[in-house]
Amino acid sequence: MDDKIVTQGLNAYFGDVHAIKGIDIHIPSNAITAIIGPSGCGKSTLIRCMNRMHEVMRGARVTGKVLLDGQDIYSSQMDPVLVRTKVGMVFQKPNPFPTMSIYDNVVAGMRLNGERNWRKLDAVVERSLKLAALWDEVKHQLDASGVSISGGQQQRLCIARALAVEPEALLLDEPCSALDPIATAKIEDLLFDLKDKYTIVIVTHNMQQAARVADFTAFMYLGELVEFGVTKKVFENPDKELTEKYITGRFG
Amino acid sequence: MAKRKGLRSRRRPPRFGGDLVFEYSVMGAATLTLALVWLLVVRMVFDSQASIERFGFGFLSGGVWDPNRDVYGALPFIFGTLLTTGIAVLIGVPLSIGIAVYLSELAPPWLRGPLSSVVELLAAVPSVIYGLWAMYTLRPVMVNSVEPFLKSLLGWTPLFQGDPVGLDKFTAGIILAIMIIPTIASVSKEAMMAVPESQREAALSLGATRYETTRMAVLSYARSGIFGACILGLGRAVGETMAVTMTIGNANKISWSLLDPGQTMASLIANNWGEAQGLQLSALIEVGLVLFAVALAVNIFARLMVGRFMKNIPATGGGL
Ligand SMILES: Nc1ncnc2c1ncn2[C@@H]1O[C@H](COP(=O)(O)OP(=O)(O)OP(=O)(O)O)[C@@H](O)[C@H]1O
Ligand SMILES: [Mg+2]
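Novice: Where do I start with the overall build of chain B in this structure?
Specialist: Looking only at helices and strands, one finds 13 helices and two strands in chain B. Dimensions along the principal axes, computed over C-alpha positions, put chain B at roughly 80 × 65 × 35 Å. Taking the contacts inside chain B whose residues are at least 6 apart along the sequence as the reference set, 73% of them involve residues at least 24 apart. A total accessible area of about 16,700 Å² is found for chain B, and carbon and sulfur atoms account for 68% of it.

Here it is in structure tokens:
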């Protein structure tokens, strides 16, 4: 199996804070990779390095390489805008555009690419919202503001918005933390469906979720990658004692 | 009289001794302000009574201001105020938003602070200074380059007729634009800086460029605040007196050419109150009443708009 995203000696800093310490990880194509680890271990920072979102923060720095299909996204020839259209992201906190309608939120990325054909846009809105398990709830209020819906619905709207631009890889930062079990199950189904076409990286605090959906699991601790492997192996027979402690909840 | 309820009575406002004096004196000061505004309005209505009775609503549409015949109409000055304010807003708003975008989105941190302070400082420069600068620095530039150029380019429109003299509605509009830029730019900057980082990240993650992120995430999110900032600037332009008097040429007539001198409401009052008597004085005060109403409406509107987005509006010359 090919690797979609590979990091080589990746370090990330917030000013003086060294948040990611020399990580080498291989994210396989057309699979779901879960990243787990205690709060503050650098999960969000790691995936933000994978679509050049880390550097937009003030004082943030990245060293090392991140290869997307073998090409270093941090090389000077790479346009970060292009990288971000190929690698989409759903953030930890829902962030729909409040001044846009639900419809406009979904097609915001397509409009950036100059798409004006409303038939196409209509079709994308319906398809993306259905994929994100939100269509039935909002199909009669597509003109309502993007923030007029509940937090969980907003998060699914953000997922739909990221899917609408058809990225090659999708990075999800705890997408289900604000969702009820039914919506969570729908999102997990969605990830399963998407895996044929996309490469998916999901950060989660929910062990069961990682065990359910992920093909591969990475365990991080204090900015380092402790263990990476096939999910079943990581959960049932981890190589490191730290991983086992974390997974069985005997941590700290 | 020794009331020793001690700590327990702290929760309710104490109603005795020094506290009572303090409470009443503060309340008195507040009431005084209200009374002052009320007295101002009553006095203005009272003093403009003669003019109001004589001209009625025709005062607002009358185009003649002739002390010899004792005929007074405010239209040329309403026209002049609206026109110069219009020029100021047309030129000032895009520049201000550009400055605000630079300060909030693009400027490196070490430059942002000092530059913002300078912009805010410009809002505090007395208008007579702007007036002097306009007369001695801006006017020659207008007469020698800007106005001849515009005349050669747009001379066929009614807006650029007559010879460039430099003391005209256009120069007044430009100096007003320069005066409202600091206000609009600094309030807009505050509104843009209040946009959550997550909004910018949302746009960036969809593949937006820096420009697209600003348009999609920042300007639209902050639009109420920016709109309020513009109205604040408008308020200042409407009420500005000194700098306009010094540059507008003071002609009590309506003319569409920006290169002709004109007159605004504020500038008319400043120019004429000294020698005005009888009906003319009454008419002047009625002009003041109209100006007061316009400026008040603009300010209330601005406060409503900005208040939705920001708790406190930075202190700026508000035009009243
Ligand atoms: N804006 C910031 N400024 C400075 N340091 C930061 C910032 N954000 C994160 N950090 C540091 O980077 C480290 C990793 O943060 P990160 O957000 O990646 O953790 P996380 O694993 O996603 O945690 P959580 O599960 O709580 O979301 C943290 O320990 C924190 O100290
Ligand atoms: Mg996180």
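Novice: Could you clarify how one ought to interpret the coordination of the magnesium ion (ligand 2) in this entry?
Specialist: Six octahedral donors around a metal ideally subtend angles of 90 or 180 degrees, whereas four tetrahedral donors ideally subtend 109.5 degrees. Residues and elements named next belong to chain A. Each protein donor to the magnesium ion (ligand 2) is listed here as Ser44 (OG) and Gln92 (OE1); together their distances run 1.9 to 2.5 Å. Here glutamine 92 lies in the loop between strand S6 (87-90) and helix H3 (102-112) and serine 44 lies in helix H1 (residues 43-49), a separation of 48 residues in the sequence. A relative accessible area of 22% means that serine 44 is categorised as partly exposed. What makes glutamine 92 partly exposed here is its relative accessible area of 37%.

Novice: Would you take a moment to explain the sheet that holds strand S8 (residues 199-203) of chain A for this structure?
Specialist: Hydrogen bonding along the main chain pairs the strands of a sheet, whether they run parallel or antiparallel. Residue and element names in this part refer to chain A. What the six strands build is an open sheet, ordered S6-S7-S8-S3-S9-S10; its pairing is mixed. Taken across any chain shown, the strands that pair with only one partner, and hence form the sheet edges, are S6 and strand S10 (224-230). Each strand of the sheet is rotated relative to its neighbour by a mean of 15°, with strand direction disregarded. Each of S6 and strand S7 (169-173) is contacted by helix H6 (residues 151-164), which is oriented at about 175° to S6, the strand it contacts most. Seen against the sheet, helix H7 (residues 181-194) touches strand S3 (32-36), S7 and S8 and runs at an angle of roughly 150° to S8.

Novice: Help me understand the environment of glutamine 49 of chain B in this model?
Specialist: Among the secondary structure elements, glutamine 49 of chain B is positioned in helix H2 (residues 49-55). Residue glutamine 49 of chain B is classed as partly exposed on the basis of its relative accessible area, which comes to 32%.

Novice: Looking at this structure, how should I read the interface of chain A and chain B?
Specialist: For an interface, size is often stated in terms of accessible area lost upon the parts coming together. Taken together, the contacts link 23 residues of chain A with 21 residues of chain B. The junction of chain A with chain B conceals about 1,800 Å² of combined surface from both sides, 63% of it contributed by carbon and sulfur atoms. Counting the surface chain A buries against chain B, the share from its top three residues, Phe97, Thr99 and Leu112 of chain A, is 32%. Applying the counting criterion to the chain A and chain B interface returns one salt bridge. We note a salt bridge from glutamate 201 of chain B to arginine 48 of chain A, for which the minimum N-O separation is 2.7 Å.

Novice: So what exactly am I meant to see when it comes to the site of ligand 1 here?
Specialist: All names here are of chain A. In the vicinity of ligand 1 lie 13 residues, with Ser39, Lys43, Ser44, Thr45 and His205 positioned nearest. Within the backbone of glycine 42, an N or O atom sits 3.0 Å from an oxygen atom of ligand 1. Threonine 45 has a polar side-chain atom sitting 2.5 Å from an oxygen atom of ligand 1. For ligand 1, the accessible surface in isolation is 630 Å², of which the surrounding protein chains cover 64%. Considering every element that reaches the shell around ligand 1, the biggest residue donor is H1, with three residues.

Novice: Just checking my understanding: could you explain the pattern of salt bridges for this structure?
Specialist: If charged atoms from side chains of opposite charge come close, those side chains can pair. Considering all chains together, one arrives at 20 salt bridges over all chains under this definition. With a shortest N-O distance of 2.9 Å, aspartate 239 of chain A and lysine 233 of chain A are connected by a salt bridge. Here aspartate 239 of chain A falls in the exposed class, since its relative accessible area comes to 61%. A relative accessible area of 35% places lysine 233 of chain A in the partly exposed class. For arginine 43 of chain B, the salt bridge is made with aspartate 47 of chain B, and the minimal N-O distance between the two is 2.8 Å.

Novice: Explain the side chain of glutamine 154 of chain A here, please?
Specialist: All names here are of chain A. By the secondary structure assignment, glutamine 154 is in helix H6. At a separation of 3.0 Å, a polar atom in the side chain of glutamine 154 contacts the main-chain carbonyl oxygen of isoleucine 149. With residues up to four places along the chain from it excluded, the contact list for glutamine 154 reads Pro94, Pro96, Gly146, Val147 and Ile149.

Novice: So what exactly am I meant to see when it comes to the domain arrangement of chain B here?
Specialist: Residues and elements named next belong to chain B. Its domain assignment divides chain B into domain 1 (15-47) and domain 2 (75-312). On a C-alpha basis, the centroid separation for the pair domain 1 and domain 2 is 34 Å. Together, the buried faces of domain 1 and domain 2 total about 470 Å²; carbon and sulfur atoms form 84% of this surface. The tally of links between domain 1 and domain 2 comes to zero salt bridges.

Novice: Would you mind going over the packing of helix H4 (residues 75-106) of chain B against helix H9 (residues 210-221) of chain B with me for this structure?
Specialist: Axis angle and axis distance: for two packed helices, these are the angle between their axes and the distance between the axes, and together they describe the pair. Residues and elements named next belong to chain B. Direction vectors running N to C along H4 and H9 enclose 100°, while the axes themselves pass 12 Å from each other. Judged by the angle between their axes, H4 and H9 are roughly perpendicular. Of the residues in H9, those in contact with Ile97, Val101, Glu105 and Leu106 of H4 are Arg210, Thr214, Val218 and Leu219. Its residues assigned to classes, the contact of H4 with H9 shows five nonpolar, one polar and two charged.

Novice: Would you mind showing me how to read the pairing of strand S1 (residues 3-14) of chain A here?
Specialist: Successive side chains on a regular strand alternate, one facing one side of the sheet and the next facing the other. All names here are of chain A. Pairing analysis gives eight bridges linking S1 to strand S2 (residues 17-28), with the strands arranged antiparallel. When the bridges of S2 are listed, threonine 7 appears paired with isoleucine 25. The loop that links S1 with its antiparallel partner S2 comprises two residues; one of these, glycine 15, has a positive phi angle of about 60°.

Novice: How do you make sense of the packing of aromatic side chains when you look at a structure like this?
Specialist: Any two aromatic rings considered together are summarised by their centre-to-centre distance and by the angle between their planes. Summed over the entire model, instances satisfying the criterion amount to nine aromatic pairs over all chains. Ring geometry for phenylalanine 160 of chain B and phenylalanine 170 of chain B: centres 6.0 Å apart, planes at 80°, overall edge-to-face. Of this pair, phenylalanine 160 of chain B sits in the loop between helix H6 (127-154) and helix H7 (169-193) while phenylalanine 170 of chain B is found in helix H7, placing the two residues 10 residues apart along the sequence. Of the two residues, phenylalanine 160 of chain B and phenylalanine 170 of chain B, both sit in the buried class. Counting every residue linked through ring pairs, the aromatic cluster contains Phe55, Phe59, Trp65, Tyr72 and Phe77 of chain B. Just above the ring of tyrosine 13 of chain A sits the side chain of arginine 61 of chain A; from NZ or CZ to the centre is 4.3 Å. Note that arginine 161 of chain A overlies the ring of phenylalanine 97 of chain A, its terminal NZ or CZ placed 4.8 Å from the centroid.

Novice: Can you walk me through the sheet that holds S2 of chain A in this structure?
Specialist: All names here are of chain A. Pairing in this open sheet of four strands is antiparallel, and the strands run S2-S1-S4-S5 from one edge to the other. Each end of this open sheet is capped by a strand with a single partner; those strands are S2 and strand S5 (71-72). With eight bridges connecting them, S1 and strand S4 (residues 60-68) associate as antiparallel partners. Across the sheet, residue isoleucine 5 finds its bridge partner in S4, namely leucine 68.

What counts, and at which threshold
- Residues numbered from 1 in each chain as written.
- Chains lettered and ligands numbered in written order.
- Predicted model: local features only at pLDDT ≥ 70, side-chain atom pairs only at ≥ 80, totals over all residues.
- Heavy atoms only, no water.
- Helix = DSSP H or I, 4+ residues; strand = E, 2+ residues; numbered from the N terminus.
- Contact = heavy atoms within 4.5 Å.
- Areas by Shrake-Rupley, 256 points an atom, 1.4 Å probe, with all protein chains shown as cover.
- Donors = N, O, S within 2.8 Å, 3.2 Å for Na, K, Ca; no water.
- Buried < 20%, exposed > 50% of the residue type's maximum accessible area, 1.4 Å probe, protein only.
- Pairing = 2+ DSSP bridges.
- Axes fitted to C-alpha atoms, helices over the stretch in contact; angles between N-to-C directions.
- Buried area = accessible area lost by both parts, 1.4 Å probe.
- Salt bridge = Lys/Arg side-chain N within 4 Å of Asp/Glu carboxyl O.
- Near = heavy atom within 4 Å.
- Polar contact = N/O pair within 3.5 Å; in protein donor to acceptor, adjacent residues only side chain to side chain.
- Domains from an automatic or database assignment.
- Parallel < 35°, antiparallel > 145°, perpendicular 65-115°, else oblique.
- Nonpolar A, V, L, I, M, F, W, Y, C, P; charged D, E, K, R; others polar.
- Phe/Tyr/Trp six-rings, centres within 6.5 Å; stacked < 30°, edge-to-face > 60°.
- Lys NZ or Arg CZ within 6 Å of the ring centre and 35° of its normal.

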